[in-house]
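Read off the chains here:
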Amino acid sequence: MLENLFKLRENGTNVRTELIAGLTTFLTMAYIIFVNPSILGTAGVPKDAVFVATCLVSALGSAVMALYANYPIAMAPGMGLNAYFAFAVVLGMGIAWPAALGAVFVSGCLFILVTVLGLRGMIVAGIPKSLRTAITVGIGLFLALIALKSAGIVVGSEPTLVKAGDLHKPEAIMAILGFFLIVTLDKLRVKGAILIGIIVVTVLSFFFGGNVFHGVFSAPPSIAPTLLKLDIPGALSSGILNVVLVFFLVELFDATGTLMGVASRAGLLVEGKMDRLNKALLADSAAILAGSMLGTSSTTAYIESAAGVQAGGRTGLTALTVAVLFLAALFIAPLAGVVPAYATAPALLFVACLMLRDLVDIEWADTTESIPAAITALLMPFTYSIAEGIAFGFITYAVLKLLTGRAREVKPVIWVIAALFAFKIVYIGT
């Protein structure tokens with residue numbers, strides 16, 4: 001049955017290899033079980049329900065990717081997108097979290113529409129590499145600021161906006177130790193380095209942070225507080241066009257880039273293309289819609305799937321293994337509930353640092369490319385908004401190309417997006 005379903009022999013693999021690959025991928029991305037409830041919880045979304053939603057949508061998305069697209073790529077709520085949801089949309093813009101979930105749902109519908117109509121390729125091709133890279137880098141900087149704030153390493157300051165926090169506090173010390181541990185383990189190629197770092201800091205918090213242990217296993221908490229609580233009319237009526245647009249753009253680039261990158265590493269590209277890319281993108285879209293209904297921010301393909309590919313995963317059986325393990329994780333809610341913010345902060349900072357390596361892909365010699373990219377990346381943390389960074393970046397790109405007589409280089413999709421953002425800033429405000 002597995003042979004017929006996943007074509008194991010055709011892809012040069014076997015059941016044992018796929019199961020090990022699935023376990024490897026799960027260990028490298030299981031940190032999302034702890035990090036996602038922590039981030040969304042700061043925005044008032046019930047943490048226990050988010051924990052259940054995270055496990056369920058990760059299992060569902062990975063299973064759909066496995067059974068429909070047959071790729072060894074796992075799914076889970078995206079890092080960066082959850083931070084944007086919590087800190088920029090809910091806390092920054094004052095939008096209620098049900099309306100924010102409604103915006104996620106709308107962006108997922110748009111994602112399905114452009115995929116079915118074949119517009120995805122046109123949009124991706126129309127947006128220059130410099131801006132696509134800058135969005136990733138900017139989200140990394142935004143995540144870094146959130147991580148450093150959660151760890152108490154950076155704090156607010158009236159005269160200077162920010163300053164170094166009290167590094168003598170146990171929380172800051174443990175976060176720093178956790179960060180060095182994660183980086184060291186990752187360099188030594190230890191599977192699950194991020195998860196190990198979170199667990200070690202959490203254990204230390206019982207001795208030095210006043211944390212209280214509540215056990216490991218229990219029945220899953222209720223998902224009722226977030227299940228179907230999305231407010232679609234609220235999302236459409238609260239003037240959050242830029243929120244939907246940001247969710248859509250980041251989902252589009254993140255999913256496409258991750259899918260192509262992991263497939264390339266697995267040797268699954270045919271003449272540089274994915275045979276079943278549309279199926280994979282539809283699986284991604286379905287997971288976004290399911291996540292918004294269950295009660296979590298946008299779901300996306302995980303680059304950590306590359307770890308499973310490195311271990312030999314080549315088919316959907318790898319992703320299906322990940323799905324089963326996420327369902328099993330539903331029964332460790334007490335353990336997830338005691339993880340403090342400063343234990344997940346090192347993981348966020350590590351992910352942020354990895355996202356900055358894309359800076360090398362920017363064409364720095366061409367200022368009409370590099371300046372908009374820099375503006376995009378810098379304004380995300382400095383305005384505490386991924387949306388504002390993308391808006392100013394796209395507008396800067398269009399204006400500089402126009403002023404330097406290179407308007408013909410700008411694809412129509414750039415003019416449309418820049419105009420939408422400019423209209424929003426002029427008539428609605430930031």
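In this convention, every chain numbers its residues from 1, walking through the sequence in written order. Residues qualify for local features only when their pLDDT is at least 70, as the model is predicted, and side-chain atom pairs are given and counted only at 80 or more; totals for whole chains, interfaces and linings, by contrast, use all residues. Hydrogens and water are ignored here; the side-chain numbers use all heavy atoms of the structure.

Labelled according to an unreviewed UniProt entry, the chain appears under the name NCS2 family permease, originating from Massilia agilis. UniProt positions are given in the numbering used here, feature names are shortened, and annotations may be inferred rather than shown by experiment. The Subcellular location (unreviewed entry) comment attached to the chain in UniProt states, word for word, "Cell membrane". In UniProt, the chain has this text filed under Sequence similarities (unreviewed entry): "Belongs to the nucleobase:cation symporter-2 (NCS2) (TC 2.A.40) family. Azg-like subfamily."

How would you summarise the overall build of the chain if you had to cite specific residues and measurements?
Across its full length, the chain carries 20 helices and four strands. Only C-alpha atoms enter the radius of gyration, while the globule expectation follows 2.2 Å times N to the 0.38, with N the number of residues. By the compact-globule yardstick of 22 Å for 430 residues, the chain fits well, its C-alpha radius of gyration being 21 Å. If you line up the chain on its principal axes, its C-alpha atoms span 60 × 60 × 45 Å. We call a residue buried when its accessible area falls under 20% of the maximum for its residue type, exposed when it is over 50%, and partly exposed in between, using a 1.4 Å probe and counting protein chains only. Buried positions account for 55% of the 430 residues belonging to the chain. For the chain, the computed accessible surface area is about 17800 Å², with 68% contributed by carbon and sulfur atoms. Of note, the chain has its 25 positive side-chain charges centred 4 Å away from the centre of its 22 negative side-chain charges. Only DSSP runs of H or I reaching four residues or more are called helices, and only runs of E reaching two or more are called strands; each is numbered from the N terminus. Where accessible areas are quoted, they stem from the Shrake-Rupley method and a 1.4 Å probe; at the residue level, only the protein chains shown are allowed to cover. Think of it this way: Lys and Arg go in the positive column, Asp and Glu in the negative one, and His and the chain ends go nowhere. Lys charges are placed at NZ, Arg charges at CZ, Asp charges at CG and Glu charges at CD.

Can you lay out a nonpolar patch on the surface for me, pointing to particular residues and giving the numbers?
Taken together, Leu110, Leu113, Val116, Leu117, Leu119 and Met122 make up a surface patch of nonpolar side chains, about 560 Å² in accessible area. Here the element with the most residues in the nonpolar patch is helix H6 (residues 97–116); it accounts for three residues. Positionally, Leu117 belongs in the loop between H6 and helix H7 (120–126). A relative accessible area of 54% places Leu117 in the exposed class. Nonpolar side chains (Val, Leu, Ile, Met, Phe, Trp, Tyr) within 5 Å and like charges within 9 Å form the patches, drawn only from residues with over 30% relative accessible area and no salt bridge. By definition, a salt bridge exists where a carboxyl oxygen of Asp or Glu is found within 4 Å of a side-chain nitrogen of Lys or Arg.

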